[in-house]
Every structure is written in C-alpha cells, then in structure tokens.
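Here are the chains, one letter per residue:
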Amino acid sequence: MQGATTARHNDGVGRALATFALLVGWAVLLRARDFGNPVIHVDEQYYLLVGDRMLHGALPYVDLWDRKPVGLFAIFAAIRLLPGDGILAYQLVATLFAAATAWLVSAGGRRLGATPIGALSAGFAYILWLSLLSGRGGQSPVFYNLFTAGAALLTLRLPVLATAQRTGAIVANGSAACLLAGLAIQTKYTPVVEGALFGLVHLWYLRKAGGDTAIMLGAGALWAMLGILPTGIVVVDYWRRGPMVFDAFWFSNFASVALRKGYPAAKIIGRLAGTTAQLLPFIVCTVVAWHSRPRTPERLIAFAWLAAAIVAFAMIGAFFDHYALPLMVPLAMIAAPVLGRWRAASVALVGYGLILFVARVLLVPTDAGTAREVGRVMAANDRGGCPFVFAGDSILYLLADACIPTAYAFPSTLAYEAEQGAAGVDEATEVCRILSHRPPVIVTMDAPMAPWNRSTQPLVAAALARDYRRVAAAPREDAHLLIYLRRDLPLRR
C-alpha cells in the first residue's frame, strides 16, 4: 500500500514538472523575440532604471519619483545583480514568473474540475494573452500575478478543509494566502481588493468549519497583519528616515494618484473596447462556466475572485490594456473546465490568440536597435554631464550609463499633460532648473505619445532652438526620437 502511494506521488510530481517544463518552453517561444529589447514598454524601462540606481544609493520617491510600491523596484534591483545590463536578465526572470503563474493557473483549473488538457490549455492561454495585453516583458502584473495566483489557489482549498472541520489548517492556509496577497500589494497596490476578498472567504469557511468567536477574531487579526506586513515594513523604513523622506513616500504612494488628470471619455471607451475584444473568448468561457452545473463552492470562490479583480481593474480609471493583466489569472482558471469539455474550444481560443499575436506583436517593429543607437550617441557626447531625456525612453539613461538630471526621470512626468500638477513639483520650474545646467544632450520626440504639457514643452523647444542643434533622428513607434547636441560641443561618433 505504501509503495503504491509513493508511486502515485512520484507520478504526480512527474506530471507537474512536465507541465511546468511545457509552460516554460511555450513562454520562451512566445517571448524570445523581445529578449534583449530595451523598449518593450515605457513602464518596465523605468522600473529597471530605478532598480539599477537603487544599487548605487538612490532612494525611490526622493531621488527618483514614481507611484509604484518600493517592492516592485526591489525586484528589479535584485534582478540587476545578475550579469549583463539588466535588460535580458529582467526579461528572463519575467518569463519564469509568467510560466510559474501559468502553472498555478493550470493547477487552479484542475481544482475547478478541468481535464488535464483543459488545464494545460488555460496555462498556455494565460502566457499568450500576457503578450497581447502589453505584458510580454516585465510589467508589474507579470510578477505579482504569481503571488495572487498562489493566494487564490490556497483559497480554493477551503471547501475541502471546512468539510473536514480542520480549523487549524484553515488558519495556516489563510496565513500563507494573506502573506502572498501582501507581497502582491507591495508590488502594486490594486491587489488589495483581491487580498481582502481572500481574507473574507477564509473567515467565512473558518466559521463553517466550526471556528468560535475567539478563533475568528484571532485569525482575522493575524491575516490582516500578514496582509499589510510587507507594506508596513516599507512604511516603517521610510518613517525612520525622517519627516521629509516619509512625506515624499506618502505623497508618491497614496496622495498623488488623485491629482492625475482624467482621460477623455472617447479614449477610455476606445481602450475598453480594445481590451474587451481581446478578452472576448474568455468572456464567452466565463458565461458558459457560470451556467454550467454543478456550481461548486470552488467555482463560486473563483467567480467572487474575478469580481474583485474587476473592481481592482476599474479603481484607477485609466484602463490601459496592461491594467487588464490581473484579470487573466481568474479568467484563465475559470475557462479551464470549459476548454477541457470541448476540444474545439481550446483550439479556437489559442488560434484566436495566435492571430492577434501575429498582428499585434510579430508584425510590429521592436525599435530595439533605435534605442541602443540613441543610447550610444548620448554616451559618446555627454562629456561627463547629465543628458536630459525630455520625451522618449527612460532606459536611455541606463543604455548610456549616464547620470540623471532630475528625480522626475519618467518622461511623461515633465513632458505630458496628464501628469501636470500631479507629481508634487512645478514642472516648468523643474525643467528650467534642468536647462540651467545646460545638458550636453537633450532627447525629445517630434510627435508626443500624449498631449504635451503646455508649460514645459515651449521651454524645451526654445532652449533647443537657441542653444542646440539636431544631430540625429531615429524612428520610434509612429514618431521619431530627436537627439540634440549643445551648439558649443563637437559631435562625437
């Protein structure tokens, strides 16, 4: 009997490892085209830049400004310890995170009643749709979805644990789930909604398992503490650095988001329409799953989780496509039983995704060579000074191994209208300060990626016309990066 149990265990481990290997191979296949590409997305460029400068003593929110939790930058700082310039390294680590999350999606699909084929198809689809929703590199959900998926998978154990009245196991299970949710929250704050749901579901099932009031209160307090622990550690760290540093942290993380300007309704509707079209197969699978019987407790938990993820998606209100990346975890898990029930469903879903992948990824130029060439020009002509990337790609500072002339190095902060008045600095005053140091090189764009900040763009344009000459232009998406050299400096190639 013991030998048979051991054999079944070994078979299970073998199947799990084989599934993970397949998912890693699929992730590498889909993402290899971008390995080494420094400009996959503007966000992850900046995460890597901040992580790199943290290793040289920079303090997020004080030396380099942003709204993301410090945990995200810590991930990139750790990645930056790997060999190379960090670009390929973060993409390889992100690929492993994507595959590991897909593996948890497959496991969750099995817990919801999916066949092995349906569960594996859901994992494949999760990885594929990351690339369709601007997650083919290192967007923050590519990392924190792993923590959220782990917490969700633990939460799906609750009906079985409650039936067996294993209150101690539920307390331990909830502790692990809430700590994972806390790690997700310290990577981006929106998973707080999902984390709260996981805690409430654990309380519900602890009560069903026979937990008394004392156990409920103690467990709830423990789970809440574990959920806020990672962020609490960061808060204490900034508090001990003094009032000015703590105020900078608090404003960046919790106050500044309310100061951002909204986007026009037409743009929001367009973004939602595009995201909905891409998620359409999962929406269909979700509707089918909702009407399927039996509607098990595990499936009800999954639907509640999806509802929480939708609330988190809507919280910020900008509705960029990558904001939908956290929806992919519950959507793919819920779709898994449907994909296993009808083989054609798996083929149709993955086929639809591959068509979109060819159109939206494979046929679109990467601009990788452009960014590296601009970085080379910056490095050759900085003369020990700090170049200024007014509009374009923040990764240029890293590619040029250059000093950064401002804490507001994410270009949209000073260059674009949406951030005007939202970063706690007068943008025109800051641009004037930067220009007063006469940067040796200024990089901007001929067509902005968003409406210009009307108080700063004229200042830069005037300085360029007066003191600089254009030495290069390089294609960047539907526009061009423009490189200007100060007039008194000879061009070095």
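1. Overview of the overall build of the protein chain
Here is step 1: When helices and strands are tallied, the protein chain shows 20 helices and four strands.
Here is step 2: In terms of overall dimensions, the protein chain is globule-like: its C-alpha atoms have a radius of gyration of 24 Å, near the 23 Å expected for 493 residues.
Here is step 3: Dimensions of the protein chain, computed from C-alpha atoms along their principal axes, come out at roughly 85 × 50 × 45 Å.
Here is step 4: In the protein chain, 76% of the contacts between residues at least 6 apart in sequence involve partners at least 24 apart.
Here is step 5: Of the accessible surface of the protein chain, which amounts to about 20,600 Å², a share of 66% is contributed by carbon and sulfur atoms.
Here is step 6: Computed over 42 positive and 29 negative side-chain charges, the inter-centroid distance for the protein chain is 8 Å.

2. Digging into the state of the cysteines
Here is step 1: Within this structure, the stated rule accounts for one disulfide.
Here is step 2: Paired by a disulfide, Cys386 and Cys403 hold their sulfur atoms 2.0 Å apart. One quick way to see it: the torsion about the S-S bond of Cys386 and Cys403 is about -120°, and its sign makes the bridge left-handed. Pair noted here: Cys386 is in the loop between helix H16 (368–381) and strand E1 (388–389) and Cys403 is in the loop between helix H17 (395–399) and helix H18 (411–415), with a separation of 17 residues, a long-range link.
Here is step 3: This cysteine, Cys432, is not joined by any disulfide, and Cys386 carries the nearest cysteine sulfur, 18 Å off.

3. What to know about helix H9 (residues 192–208)
Here is step 1: With 17 residues, H9 should reach 24 Å at 1.5 Å per residue; the first-to-last C-alpha distance of 24 Å fits that figure.
Here is step 2: Of all the residues in H9, the buried ones are Val193, Glu194, Gly195, Leu197, Phe198, Gly199, Val201, His202, Tyr205 and Leu206.
Here is step 3: Downstream of H9 by one or two residues, Gly210 has phi in the positive range, about 105°.

4. Section: the pattern of salt bridges
Here is step 1: Inspection of every chain in the model, using the stated rule, returns 18 salt bridges.
Here is step 2: Across the salt bridge formed by Arg454 and Glu417, the nearest N and O atoms sit 3.3 Å from each other. Of the two residues, Arg454 sits in the loop between strand E2 (441–445) and helix H20 (457–467) while Glu417 sits in the loop between H18 and helix H19 (427–436), which places them 37 residues apart along the sequence.
Here is step 3: For Arg454, a relative accessible area of 68% puts it in the exposed group.
Here is step 4: Salt bridges here are not isolated pairs; linked through shared partners, they connect Asp367, Asp393, Arg476 and Glu477.

5. So, the sheet that holds E1
Here is step 1: With mixed pairing, the four strands of this open sheet are ordered in space as E1-E2-E4-E3. Here the strands that pair on one side only, and so sit at the sheet edges, are E1 and strand E3 (468–476).
Here is step 2: The strands touched by H20 within the sheet are E1, E2, E3 and strand E4 (479–486), with E3 carrying the most contacts at an inclination of about 125°.

6. As for the side chain of Arg67
Here is step 1: When you line up the elements, Arg67 lands in the loop between helix H2 (42–54) and helix H3 (70–79).
Here is step 2: One polar contact links Arg67 to Ser256, side chain to side chain, over a distance of 2.9 Å.
Here is step 3: In this structure the side chain of Arg67 is engaged in a polar contact, spanning 3.4 Å, whose partner is the backbone oxygen of Ala422.
Here is step 4: With residues up to four places along the chain from it excluded, the contact list for Arg67 reads Tyr189, Ser252, Asn253, Ser256, Val257, Arg260, Glu419 and Ala422.

7. Notes on the environment of Ile355
Here is step 1: Position of Ile355 among the secondary structure elements: in helix H15 (residues 343–362).
Here is step 2: Judged by its relative accessible area of 60%, Ile355 is exposed.
Here is step 3: Spatially, the C-alpha atom of Ile355 lies 39 Å from that of Gln420, the residues being 65 residues apart in sequence.

8. A word on helix H13 (residues 297–316)
Here is step 1: Taking 1.5 Å per residue as the helical rise, H13 with its 20 residues ought to reach 28 Å, and the 30 Å between its terminal C-alpha atoms agrees with that figure.
Here is step 2: Every buried residue belonging to H13 is among Glu298, Arg299, Ile301, Ala302, Phe303, Trp305, Leu306, Ala308, Ala309, Ala312 and Phe313, and all of these are buried.
Here is step 3: Among the residues trailing H13, Gly317 stands out with phi positive, at a value near 90°.

9. A closer look at unusual backbone geometry
Trans is the common state for peptide bonds, and a negative phi is the common state for residues other than glycine.
Here is step 1: Residues Arg293 and Pro294 are joined by a peptide bond in cis, for which omega reads 0°.
Here is step 2: For Pro294, the position within the fold is in the loop between helix H12 (265–290) and H13.
Here is step 3: Of note in this structure, Ser134 is not a glycine but carries a positive phi near 60°.
Here is step 4: Here Ser134 lies in the loop between helix H5 (116–132) and helix H6 (140–155).

10. Points about the environment of Gly210
Here is step 1: Within the element layout of this structure, Gly210 appears in the loop between H9 and helix H10 (213–240).
Here is step 2: Gly210 gets classed as exposed once you look at its relative accessible area, which sits at 54%.
Here is step 3: As a C-alpha pair, Gly210 and Gln165 span 45 residues in sequence and 6.5 Å in three-dimensional space.

11. With respect to the pairing of E2
Here is step 1: Counting buried positions over the five residues of E2 gives five, a clear majority of the element.
Here is step 2: Here E2 shows a buried face lined by Val441, Val443 and Met445 and a second buried face lined by Ile442 and Thr444.
Here is step 3: In terms of strand pairing, E2 meets E4 through five bridges, oriented antiparallel. Following the sheet pairing, Val441 is matched in E4 by Leu485.

What counts as what
- Residues numbered from 1 in each chain as written.
- Predicted model: local features only at pLDDT ≥ 70, side-chain atom pairs only at ≥ 80, totals over all residues.
- Heavy atoms only, no water.
- Helix = DSSP H or I, 4+ residues; strand = E, 2+ residues; numbered from the N terminus.
- Rg over C-alpha atoms; globule rule 2.2 N^0.38 Å.
- Contact = heavy atoms within 4.5 Å.
- Areas by Shrake-Rupley, 256 points an atom, 1.4 Å probe, with all protein chains shown as cover.
- Lys, Arg positive; Asp, Glu negative; His and termini not counted.
- Charge placed at Lys NZ, Arg CZ, Asp CG, Glu CD.
- Disulfide = S-S within 2.5 Å.
- Expected span 1.5 Å × (residues − 1).
- Buried < 20%, exposed > 50% of the residue type's maximum accessible area, 1.4 Å probe, protein only.
- Salt bridge = Lys/Arg side-chain N within 4 Å of Asp/Glu carboxyl O.
- Pairing = 2+ DSSP bridges.
- Axes fitted to C-alpha atoms, helices over the stretch in contact; angles between N-to-C directions.
- Polar contact = N/O pair within 3.5 Å; in protein donor to acceptor, adjacent residues only side chain to side chain.

Everything listed here is a matter of coordinates, which is why it stays silent on function.
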